[in-house]
Amino acid sequence: MVIVQLGLVANGYRDPHNYFAFQPFNESSTYAVELVRVLPDGERVAAPYGRWEGYDWDELIGWRALQGPWRQRHAFSGVDAVVDFLDHALDWMADNTPDDTTTLYLEATVTYYRNARGPHVTVIRSHDRELGRL
Amino acid sequence: MTATASPPVAADRRSRCRRWLDDVFDEPASVRAVAIVRIVLGPSVIWHLKPFLADALDGITYHDVFQQQWWPWIPNAPAGLYVALLWAGVAAAVLMTVGRWSRTATWVAFTVVTYNFFLSETHFRHNRAFLIILLAGVALCDNGRVLSLDARRRQPPDDRGLVWPVWLLRFEAAAIYFASGFSKLIDPDWVGGRVMHDRTLRYQDDVRDALGGTLADPILEVITARAFQWVLSPVAVATELFIAFGIWFRRTRLAAVWVAVAFHVGIEVSAQVEVFSVIAIGALAIWATPSTRDRTLVTPSRWVGWLDWMARFDITVVPGASWRMVDRNGTVLEGQAARRFVRTRLPATFLFSRFWRYP
């Protein structure tokens, strides 16, 4: 148990989420997201405030740490953790919006400030949706 | 040339080590401190489960929102079963608090909290991880032997049980302070005040909303100054590291506990951290020596008995008598010295005992 805990503490310097590594309040970073839907023909359609085809990002996500990212907001547990969560959230969103029959994948442009330094930009996207099956 | 310990010294060390291991793993000792942690954890578990239950009452469970599985092999409970499990956790927490079927109840609470935690990575918080660790440590002890309804049914009363999990909990608690402090120590942005300064700037409107402009403005003028955070940040880091190490040693333990209480109150005031402050302060009980009634006290005051939650003293109340205390090692203290010593050993008074003035 002692060795496992020491291992988890050491792993916290590699793991963006610091699981069981106990590094609270590790950053004061902020981030904002611009979400677009990419259609099969390559057209990029903005999803202002995370709303499209009757879906609402904030409502579906249901988790305060990732809600309302359209304005600059605090990065819960640090930027790396948030980007990793956003990456998975895009996949989850792609799988849980069956009434959207036109989007091939979702793409998020994340603009962040790490401890007030920046801006830095990274782009993440969901997996391709199988439109024929929807 | 290599220096080696001489055979008698090495043998003595081995013998002491063996004695310590025997004490830790085989020698029963008082589980009163663990019982106190159990009592603190009961309401904390309910507090922790409350937002999940509130969502459930609104018809929302983890099935309905974004979840990120820790491991695919963890079974997903259907919504109805999940909500039933949450309520089972609440029932177990109530039983923990009153001490009925204490150990089983603690295991149930541990299982529910842990299962809920590992359903989705979005459920992760440091304070919840600490809650799980504490629940496991308390469940491993026979924590119902004292301060419980279970203890009332046990005759003759005996608060002793195996306390090796207490050492595990001590390690975990110290590791948390160390991990937090060390990670900040090696981060130039943290120890240099940049992180704290930026956070303070960002949340200054919340402070103004909470306190009102008249009170908040002079406070904000100080705490949003870069120089203030440049000083405060290394102090915060040093505080955590001091607790991590100081709490192990008899000479510094009292100070470390005092600092830890102030530290957690400060965190709770400046940032809401769910159950962390409460369980961390409650967990400080595990640093008490696991022996009870091994000091004898003659006192004219009944208040000592009411405040002696850790059962530090075998108390005889004699109206009109002067204070007299015999310590574990046979040292006798009388009058004012005995009163002062007693106050350093009572949970409700020890924090202030250093500042107490006597007539």
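Overview of the structure. On a predicted model such as this, the values are computed, not experimentally measured, just so you know. (Residues numbered from 1 in each chain as written. Chains lettered and ligands numbered in written order. Predicted model: local features only at pLDDT ≥ 70, side-chain atom pairs only at ≥ 80, totals over all residues. Heavy atoms only, no water.)

Some points on a nonpolar patch on the surface
Line of reasoning, step 1. Among the surface-exposed residues, Y13 of chain A together with F178, F182, L185, I186, F245, W248 and F249 of chain B lie close enough to one another that they form a single nonpolar patch of about 760 Å² accessible area.
Line of reasoning, step 2. Per element, the largest residue contribution to the nonpolar patch is three residues, and it comes from helix α7 (residues 164-185) of chain B.
Line of reasoning, step 3. Along the polypeptide, F245 of chain B turns up in helix α12 (residues 226-246).
Line of reasoning, step 4. Judged by its relative accessible area of 46%, F245 of chain B is partly exposed. (Patch = residues over 30% accessible without salt bridge, like charges linked within 9 Å, V, L, I, M, F, W, Y side chains within 5 Å. Areas by Shrake-Rupley, 256 points an atom, 1.4 Å probe, with all protein chains shown as cover. Salt bridge = Lys/Arg side-chain N within 4 Å of Asp/Glu carboxyl O. Helix = DSSP H or I, 4+ residues; strand = E, 2+ residues; numbered from the N terminus. Buried < 20%, exposed > 50% of the residue type's maximum accessible area, 1.4 Å probe, protein only.)

A short note on the interface of chain B and chain A
How big an interface is tends to be stated in terms of accessible area lost as the parts join.
Line of reasoning, step 1. Taken together, the 39 residues of chain B in the interface contact 35 residues of chain A.
Line of reasoning, step 2. Taken together, the two surfaces of chain B and chain A that pack against each other cover about 3,300 Å², and 64% of this comes from carbon and sulfur.
Line of reasoning, step 3. In terms of surface lost to chain A, no three residues of chain B exceed F66, H126 and R199 of chain B, which account for 20% of the buried area on that side.
Line of reasoning, step 4. For the pair chain B and chain A, the number of links is one salt bridge.
Line of reasoning, step 5. Among the ionic pairs, D189 of chain B bridges to R117 of chain A, the shortest N-O distance being 2.7 Å.
Line of reasoning, step 6. Counting the contacts that link chain B with chain A gives 15 residue pairs in polar contact (both at pLDDT 80 or more).
Line of reasoning, step 7. Elements that contribute at least two residues to the side of chain B that touches chain A include exactly α5 (126-140), α7, α8 (188-191) and α9 (194-202) of chain B.
Line of reasoning, step 8. In terms of residues, the side of chain B that touches chain A owes the most to one element, α7 of chain B, which gives ten residues.
Line of reasoning, step 9. Residues belonging to the side of chain B that touches chain A are distributed by class as follows: 22 nonpolar, six polar and eleven charged. (Contact = heavy atoms within 4.5 Å. Buried area = accessible area lost by both parts, 1.4 Å probe. Polar contact = N/O pair within 3.5 Å; in protein donor to acceptor, adjacent residues only side chain to side chain. Nonpolar A, V, L, I, M, F, W, Y, C, P; charged D, E, K, R; others polar.)

So, the packing of aromatic side chains
Line of reasoning, step 1. Summed over all chains, the structure comprises 27 aromatic pairs over all chains.
Line of reasoning, step 2. Arranged with centres 5.7 Å apart and planes meeting at 80°, the rings of W63 of chain A and F76 of chain A form a pair that is edge-to-face. Here the residue W63 of chain A occupies a position in the loop between α2 (57-61) and β5 (73-74), and F76 of chain A occupies one in the loop between β5 and α3 (79-95), the gap between them amounting to 13 residues.
Line of reasoning, step 3. On the basis of an interplanar angle of 75° and a centroid distance of 5.0 Å, the ring pair of W70 of chain B and F118 of chain B is categorised as edge-to-face. Here W70 of chain B is found in the loop between α2 (32-57) and α3 (79-98), whereas its partner F118 of chain B is found in the loop between α4 (102-117) and α5, with 48 residues between them in sequence. The same class applies to W70 of chain B as to F118 of chain B, namely buried.
Line of reasoning, step 4. For R125 of chain A, the ring lying beneath its charged end belongs to Y105 of chain A, and the centroid distance is 3.6 Å. (Phe/Tyr/Trp six-rings, centres within 6.5 Å; stacked < 30°, edge-to-face > 60°. Lys NZ or Arg CZ within 6 Å of the ring centre and 35° of its normal.)

The values are spatial; any link to function lies outside them.
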